[in-house]
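Below, each chain spelled out in residue letters.
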Amino acid sequence: EETGGDYFDFIPMLDQTLGLVVGDVSGHGLGPSLLMSSTRAYLRAFCLNFTDLGKILENVNKVLYEDISDRKRFVTLFFASLDLVEKSIIYSNAGHTSGYIIDKNGFIKEELKSTNLPLGIVESVEYTNSSRIFLKPGDICLFATDGLFEARTGSEEKFSVDKAIDILHKNRNLSANMLVELLYNSAQKFTTNQIQEDDITAIVVKNLETCI
């Protein structure tokens, strides 16, 4: 229970974009964490040979399916390609919690929903890519695992997507790194520091006037 199974990564891609990854493995403990370690290794290896996000996920899915013999485990993975020049993203989502793009007024501009099954469940799965989404000045992207949104109080109230987005909007002048720390601390405070039931992982991307 003390071994993490969440995964986040920043991967330089062959097409000069930046790969942004957030993943979650079913279950807790050493076995699931080792499965996520394998997922990271496979993903990075295929990124050395392919640029198409969907094709990369298809290949990772095939090798993970071969690795998982009991069919009781699977991996959800959100994978986005961030173009730092065009300030845009393309994503593919293998059964993972939705990502969100929030505009400068605090409204959800895009919900980046799952596009197919989690990795490792079915041997052959076709993963599609989203159309290109351009980030306007003031936009904030949030990619997270469900451990953030589903953090609970003693009365079972959830932290929720709405609370996370409200925190990002009200503190939008902070750096992306500080916003991630604020989200984590806010979730801990919300649950009144009860025993953490799930891993909490998040990536925040801010689109400024001059840089991302």
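Residues numbered from 1 in each chain as written. Predicted model: local features only at pLDDT ≥ 70, side-chain atom pairs only at ≥ 80, totals over all residues. Heavy atoms only, no water.

### Quick notes on the nonpolar core
Nonpolar side chains in soluble globular proteins tend to end up buried together. In terms of nonpolar packing, the biggest core is built from 24 residues, with L43, I56, L77, F79 and L119 touching the most fellow members. Taken together, the elements giving at least two residues each to this core come down to strand 1 (7-12), strand 2 (18-25), helix 1 (30-47), helix 2 (53-67), strand 3 (75-83) and strand 4 (88-94). If we ignore the near neighbours within four places in the chain, the residues touching L43 are Y7, I11, V21, I56, L57, V60, L77 and F79. (Core = buried A, V, L, I, M, F, W, Y, C linked by side-chain atoms within 4.5 Å. Buried < 20%, exposed > 50% of the residue type's maximum accessible area, 1.4 Å probe, protein only. Helix = DSSP H or I, 4+ residues; strand = E, 2+ residues; numbered from the N terminus. Contact = heavy atoms within 4.5 Å.)

### Brief notes about the environment of H96
Tracing the chain through its elements places H96 in the loop between strand 4 and strand 5 (99-102). For H96, a relative accessible area of 5% translates into the label buried. Residues H96 and G23, 73 residues apart in the sequence, show an inter-C-alpha distance of 7.3 Å.

### Quick look at helix 2
In this model, helix 2 (15 residues) spans 21 Å end to end at C-alpha, consistent with the 21 Å of a helix rising 1.5 Å per residue. Along helix 2, the residues classified as buried are L53, G54, I56, L57, E58, N59, V60, N61 and L64. Between the side-chain oxygen at the start of helix 2 and the backbone nitrogen of G54 there is a gap of 3.1 Å, and the oxygen is on D52. (Expected span 1.5 Å × (residues − 1). Polar contact = N/O pair within 3.5 Å; in protein donor to acceptor, adjacent residues only side chain to side chain.)

### Some points on helix 1
The end-to-end C-alpha separation of helix 1 is 26 Å, in line with the 26 Å expected for 18 residues at 1.5 Å each. If you check which residues of helix 1 are buried, you get P32, S33, L35, M36, T39, L43, F46 and C47. With its buried residues spanning 155 degrees around the axis, helix 1 presents them on a single face. Residues of helix 1 that are exposed and point more than 90 degrees away from the buried face comprise L30 and L34. (Arc of directions from axis to C-beta.)

Don't take any of this as a statement about function, it's just geometry.
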